[in-house]
Amino acid sequence: MLDNNSGLFIGFGFHSETTELNYMTLADLEDYYGTEYGESCLSNLKNDDPLNKLVGQKIKSLKVGQFQDDKIQGDTFVIKSGQYAGVILDVDNNKVTIYSTKNGGQILFDTEELFPNKQSWVLT
(Lines give C-alpha, C1' and ligand atoms only; values in the text may rest on other atoms or scores of the structure.)
Protein backbone atom coordinates (compact mmCIF):
# COMPACT_ATOMS: atom_id res chain seq x y z
CA MET A 1 0.00 0.00 0.00
CA LEU A 2 1.34 3.39 -0.95
CA ASP A 3 0.41 6.12 1.51
CA ASN A 4 2.05 9.36 2.60
CA ASN A 5 5.30 7.45 2.95
CA SER A 6 7.15 5.95 0.05
CA GLY A 7 6.37 2.39 -0.95
CA LEU A 8 7.14 -0.29 -3.49
CA PHE A 9 5.27 -0.05 -6.80
CA ILE A 10 5.19 -3.02 -9.20
CA GLY A 11 3.39 -2.34 -12.47
CA PHE A 12 2.61 -4.40 -15.54
CA GLY A 13 3.49 -3.34 -19.06
CA PHE A 14 0.47 -2.73 -21.28
CA HIS A 15 0.50 -5.50 -23.90
CA SER A 16 4.22 -5.99 -23.36
CA GLU A 17 6.41 -8.46 -21.53
CA THR A 18 7.90 -5.94 -19.12
CA THR A 19 7.36 -5.30 -15.43
CA GLU A 20 8.03 -1.89 -13.90
CA LEU A 21 9.54 -1.50 -10.46
CA ASN A 22 9.63 1.84 -8.64
CA TYR A 23 9.77 3.33 -5.16
CA MET A 24 7.29 6.19 -4.80
CA THR A 25 4.53 7.82 -2.78
CA LEU A 26 0.83 7.70 -3.66
CA ALA A 27 1.08 11.33 -4.87
CA ASP A 28 4.02 10.32 -7.11
CA LEU A 29 1.93 7.49 -8.55
CA GLU A 30 -1.00 9.81 -9.28
CA ASP A 31 1.37 12.32 -10.93
CA TYR A 32 3.06 9.60 -12.97
CA TYR A 33 -0.11 7.89 -14.26
CA GLY A 34 -2.57 10.79 -13.98
CA THR A 35 -5.69 10.78 -11.86
CA GLU A 36 -8.33 10.16 -14.52
CA TYR A 37 -7.81 6.37 -14.27
CA GLY A 38 -7.33 6.28 -10.50
CA GLU A 39 -10.59 4.43 -9.88
CA SER A 40 -9.44 1.45 -11.93
CA CYS A 41 -5.82 1.16 -10.80
CA LEU A 42 -6.10 2.31 -7.18
CA SER A 43 -9.30 0.64 -6.03
CA ASN A 44 -9.45 -1.11 -2.65
CA LEU A 45 -8.97 -4.86 -2.54
CA LYS A 46 -12.09 -6.98 -2.36
CA ASN A 47 -12.33 -9.54 0.48
CA ASP A 48 -11.71 -12.50 -1.86
CA ASP A 49 -8.80 -10.89 -3.74
CA PRO A 50 -5.68 -13.11 -3.57
CA LEU A 51 -3.53 -10.00 -2.98
CA ASN A 52 -4.98 -9.84 0.54
CA LYS A 53 -2.42 -12.55 1.38
CA LEU A 54 0.20 -9.79 1.24
CA VAL A 55 -1.48 -7.36 3.66
CA GLY A 56 0.69 -6.94 6.74
CA GLN A 57 3.48 -9.12 5.31
CA LYS A 58 7.10 -8.05 5.59
CA ILE A 59 9.31 -8.38 2.51
CA LYS A 60 12.22 -10.69 3.35
CA SER A 61 13.86 -10.60 -0.07
CA LEU A 62 13.27 -9.19 -3.53
CA LYS A 63 14.80 -10.55 -6.75
CA VAL A 64 14.36 -9.12 -10.22
CA GLY A 65 14.70 -10.62 -13.66
CA GLN A 66 16.93 -8.05 -15.28
CA PHE A 67 16.96 -7.90 -19.08
CA GLN A 68 20.34 -8.80 -20.53
CA ASP A 69 20.15 -6.23 -23.32
CA ASP A 70 20.30 -2.59 -22.25
CA LYS A 71 17.67 -0.44 -23.89
CA ILE A 72 20.03 2.32 -25.10
CA GLN A 73 23.79 1.97 -25.20
CA GLY A 74 26.34 4.39 -26.64
CA ASP A 75 30.12 4.49 -26.73
CA THR A 76 30.36 6.23 -23.35
CA PHE A 77 26.98 5.62 -21.68
CA VAL A 78 24.25 3.09 -20.89
CA ILE A 79 20.65 4.07 -20.15
CA LYS A 80 18.64 1.38 -18.42
CA SER A 81 14.91 1.62 -18.24
CA GLY A 82 13.00 0.83 -15.05
CA GLN A 83 11.60 -2.23 -16.77
CA TYR A 84 12.29 -5.84 -15.85
CA ALA A 85 11.28 -9.34 -16.89
CA GLY A 86 9.62 -9.75 -13.49
CA VAL A 87 9.92 -9.58 -9.72
CA ILE A 88 10.04 -12.31 -7.06
CA LEU A 89 9.05 -11.25 -3.53
CA ASP A 90 9.73 -13.48 -0.57
CA VAL A 91 7.44 -12.31 2.25
CA ASP A 92 6.66 -13.70 5.70
CA ASN A 93 4.19 -16.40 4.62
CA ASN A 94 4.36 -16.49 0.82
CA LYS A 95 6.60 -16.34 -2.21
CA VAL A 96 5.11 -14.15 -4.94
CA THR A 97 6.23 -14.17 -8.58
CA ILE A 98 5.04 -11.18 -10.63
CA TYR A 99 5.55 -10.67 -14.36
CA SER A 100 3.78 -9.36 -17.41
CA THR A 101 2.91 -11.03 -20.71
CA LYS A 102 1.34 -9.66 -23.87
CA ASN A 103 -1.96 -11.00 -22.49
CA GLY A 104 -1.71 -9.23 -19.12
CA GLY A 105 -0.10 -9.36 -15.70
CA GLN A 106 0.60 -12.58 -13.84
CA ILE A 107 0.74 -12.87 -10.03
CA LEU A 108 1.65 -16.35 -8.79
CA PHE A 109 1.75 -17.40 -5.13
CA ASP A 110 4.07 -20.10 -3.75
CA THR A 111 5.43 -21.31 -7.07
CA GLU A 112 8.83 -22.13 -8.47
CA GLU A 113 7.79 -20.83 -11.90
CA LEU A 114 9.92 -18.00 -13.22
CA PHE A 115 9.20 -15.48 -15.95
CA PRO A 116 8.88 -16.42 -19.64
CA ASN A 117 11.56 -15.77 -22.31
CA LYS A 118 14.36 -17.35 -20.27
CA GLN A 119 16.98 -16.43 -22.87
CA SER A 120 16.49 -12.63 -22.50
CA TRP A 121 16.93 -12.02 -18.74
CA VAL A 122 19.04 -12.97 -15.74
CA LEU A 123 17.77 -13.24 -12.15
CA THR A 124 19.58 -10.84 -9.79
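Residues numbered from 1 in each chain as written. Predicted model: local features only at pLDDT ≥ 70, side-chain atom pairs only at ≥ 80, totals over all residues. Heavy atoms only, no water.

## A short note on the sheet that holds strand β6 (residues 83-84)
The pairing of strands in a sheet comes from backbone hydrogen bonds and takes either a parallel or an antiparallel form. Filter applied, for reference: When DSSP locates at least two bridges between a pair of strands, those strands are taken to pair. Runs of H or I in DSSP of at least four residues are treated as helices and runs of E of at least two as strands, each being numbered from the N terminus. Whether two residues are in contact is decided by their heavy atoms: any pair within 4.5 Å suffices. Angles here are taken between N-to-C directions and fall from 0 to 180 degrees, while the axes themselves are lines fitted to C-alpha atoms, restricted in helices to the stretch in contact.
Pairing within the open sheet is antiparallel, and its 3 strands lie in the order β1-β2-β6. Edge positions in the sheet fall to β1 (7-12) and β6, since each has one partner strand and no second. Two strands pair when backbone bridges link them, and strand β2 (residues 19-24) and β6 are joined in this way by 2 bridges, in the antiparallel orientation. Note that in β6 the partner of Glu20 across the bridge is Gln83. Each of β1 and β2 is contacted by helix α1 (residues 26-33), which is oriented at about 135° to β2, the strand it contacts most.

## Details of the packing of aromatic side chains
Formally: Stacked, edge-to-face and tilted are the three classes for Phe, Tyr and Trp ring pairs, Trp counted by its six-membered ring, which pair at centre distances within 6.5 Å; planes under 30 degrees apart are stacked, over 60 edge-to-face, the rest tilted. The classification of residues rests on relative accessible area computed with a 1.4 Å probe and restricted to protein chains. Under 20% of the type maximum is buried, over 50% is exposed, and intermediate values are partly exposed. Whether a charge sits over a ring depends on NZ of Lys or CZ of Arg being within 6 Å of the ring centre and within 35 degrees of the ring normal.
Counted according to the given criterion, the structure contains 2 aromatic pairs. Summarising the aromatic geometry, the rings of Tyr99 and Phe115 are spaced 6.0 Å apart at their centres and angled 70° between planes, so their arrangement reads as edge-to-face. You can see Tyr99 sitting in strand β8 (residues 95-101) and its partner Phe115 sitting in the loop between β9 (104-109) and β10 (121-123), a full 16 residues away along the chain. When its relative accessible area of 6% is taken as the criterion, Tyr99 is described as buried. By the ring-pair criterion, three or more aromatic residues cluster together here, those being Tyr99, Phe115 and Trp121. When the ring centre of Phe109 is taken as origin, the NZ or CZ atom of Lys53, which lies over that ring, is 4.6 Å away.

## What about the environment of Gly7?
Tracing the sequence through the fold places Gly7 in strand β1. For Gly7, a relative accessible area of 9% gives the class buried. Separated by 18 residues in sequence, Gly7 and Thr25 have C-alpha atoms that sit 6.0 Å apart.

## Looking at the pairing of strand β3 (residues 59-67)
Inspection of the sheet shows β3 paired to strand β7 (residues 86-91) by 6 bridges, in the antiparallel sense. The residue of β7 that forms the bridge with Val64 is Val87. Bridge analysis of β3 against β10 gives 3 bridges, and the strand direction is antiparallel. In the strand pairing of β10, Gln66 is matched with Val122.

## Section: the environment of Lys58
Checked against the element boundaries, Lys58 lands in the loop between α2 (38-41) and β3. Residue Lys58 is classed as exposed on the basis of its relative accessible area of 58%. Spatially, the C-alpha atoms of Lys58 and Val91 are 5.4 Å apart, while their sequence positions differ by 33 residues. Beyond its immediate chain neighbours, meaning those up to four positions away, Lys58 contacts Asp90, Val91 and Asp92.

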